[in-house]
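Architecture and fold: a report
Take a look at the letters that make up each chain.
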Amino acid sequence: NAGVMQNPRHLVRRRGQEARLRCSPMKGHSHVYWYRQLPEEGLKFMVYLQKENIIDESGMPKERFSAEFPKEGPSILRIQQVVRGDSAAYFCASSPPYGTGANVLTFGAGSRLTVL
Amino acid sequence: AQTVTQSQPEMSVQEAETVTLSCTYDTSENNYYLFWYKQPPSRQMILVIRQEAYKQQNATENRFSVNFQKAAKSFSLKISDSQLGDTAMYFCAFIIIQGAQKLVFGQGTRLTINP
């Protein structure tokens, strides 16, 4: 049973380009979360999605950032017109839809974005 | 506001010693889970141990145990017989049950186990 799969592991972009980060949740998990980790800091919540629905995006910057979790395929975190301050590790996590496991998130290995 | 505070940015102990990492948190909710996550140099976030707030008994997982003091909102992690592979960043976190599904993390403690 594969865990949470994120790709790419490393992404380098120049200022102004777009970054797309992908996340496939664990099998049986229908809830996906994105977190951002700046250097030497803890993870900060960005967005919580279920299939075709954004449940909570209160941690997302108002501009340039968007997330989706389509009916088919992985969840995508998209950052348009990247700036140096977007350089960070972006973690995806997933959880099952119900039961005690719904509150226990399994994390992927993260995608490290570097903006030149 | 919901916050987690880890007051020890760095700690270092010798292999086989016991080490305790401290964590305090703040929430007005009564039902939540508490977690300790480990992040080794690979950056993978690994769940070490979890505690349901409604349980008085402290959780244990092999060499890892917690001291959960709900009234004091304290949740420390004890690592016994520490091993070189325990070297990592350790993050304390909590999530409100049936809430917004947001894990709130502390700033982390960098633990180094010396041979």
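Scroll up to find the structure.
Quick caveat, the model's predicted, so the values are computed rather than measured.

Some points on the overall build of chain A
A tally of regular secondary structure across chain A gives zero helices and eleven strands. Its helices and strands in sequence order give chain A the pattern β-β-β-β-β-β-β-β-β-β-β, from N to C terminus. Since a compact globule built from 116 residues should have a radius of gyration of about 13 Å, the 13 Å found for chain A is in line with a globular shape. Seen through its principal axes, chain A has C-alpha atoms that stretch 40 × 25 × 25 Å. Across the 116 residues of chain A, 46% fall into the buried class. For chain A, long-range pairs separated by at least 24 residues make up 53% of all intrachain contacts whose partners lie at least 6 apart in sequence.

Describing the overall build of chain B
A count of helices and strands for chain B gives zero helices and twelve strands. Beginning at the N terminus, the succession of helices and strands in chain B can be written as β-β-β-β-β-β-β-β-β-β-β-β. Relative to the 2.2 N^0.38 estimate, which gives 13 Å for 115 residues, the radius of gyration of chain B is 14 Å and therefore close to what a compact globule would have. Dimensions along the principal axes, computed over C-alpha positions, put chain B at roughly 40 × 25 × 20 Å. Within chain B, the fraction of its 115 residues that count as buried is 49%. For chain B, the share of sequence-separated contacts (at least 6 apart) that also reach a separation of at least 24 residues comes to 55%.

What to know about the interface of chain A and chain B
At the interface, 27 residues of chain A touch 23 residues of chain B. Buried surface at the junction of chain A and chain B, summed over both partners, amounts to about 2000 Å²; 47% is from carbon and sulfur atoms. Linking chain A with chain B are two salt bridges, by the criterion used here. Where chain A touches chain B, the interface holds eight residue pairs in polar contact (both at pLDDT 80 or more). Those elements giving two or more residues to the side of chain A that touches chain B turn out to be β4 (31-37), β5 (43-50) and β9 (88-95) of chain A.

Focus: the sheet that holds strand β1 (residues 5-7) of chain A
Residues and elements named next belong to chain A. Read from one edge to the other, the open sheet built from four strands follows the order β1-β3-β8-β7, with strand pairing classed as antiparallel. Looking at which strands have only one partner, the edges of the open sheet turn out to be β1 and β7 (65-68). Neighbour to neighbour, the strand axes of the sheet diverge by 15° on average, direction disregarded. Both strand β3 (residues 19-24) and strand β8 (residues 75-79) contribute to a ladder of five bridges, which runs antiparallel.

Brief notes about the environment of N31 of chain B
Residues and elements named next belong to chain B. The residue N31 is located in the loop between β4 (24-26) and β5 (32-39) in this model. Sequence separation of N31 and Y54 is 23 residues, and the distance between their C-alpha atoms is 6.6 Å. Once you skip the residues sitting within four places of it in the chain, N31 turns out to touch I96 and I97.

Examining unusual backbone geometry
Following N7 of chain A, the chain continues into P8 of chain A via a peptide bond in cis, with omega recorded as -5°. Relative to the elements of secondary structure, P8 of chain A occurs in the loop between β1 and β2 (10-13). One non-glycine residue with positive phi stands out, namely R43 of chain B, at about 75°. Mapping R43 of chain B onto the fold places it in the loop between β5 and β6 (46-52). Given the relative accessible area of 10%, R43 of chain B is considered buried. Of note, the phi angle at N62 of chain B is positive, near 60°, even though the residue is not glycine. When you line up the elements, N62 of chain B lands in the loop between β7 (60-61) and β8 (64-69). Judged by relative accessible area, which is 77%, N62 of chain B ranks as exposed.

Here is what the cut-offs are and how they apply
- Residues numbered from 1 in each chain as written.
- Chains lettered and ligands numbered in written order.
- Predicted model: local features only at pLDDT ≥ 70, side-chain atom pairs only at ≥ 80, totals over all residues.
- Heavy atoms only, no water.
- Helix = DSSP H or I, 4+ residues; strand = E, 2+ residues; numbered from the N terminus.
- Rg over C-alpha atoms; globule rule 2.2 N^0.38 Å.
- Buried < 20%, exposed > 50% of the residue type's maximum accessible area, 1.4 Å probe, protein only.
- Contact = heavy atoms within 4.5 Å.
- Buried area = accessible area lost by both parts, 1.4 Å probe.
- Salt bridge = Lys/Arg side-chain N within 4 Å of Asp/Glu carboxyl O.
- Polar contact = N/O pair within 3.5 Å; in protein donor to acceptor, adjacent residues only side chain to side chain.
- Pairing = 2+ DSSP bridges.
- Axes fitted to C-alpha atoms, helices over the stretch in contact; angles between N-to-C directions.

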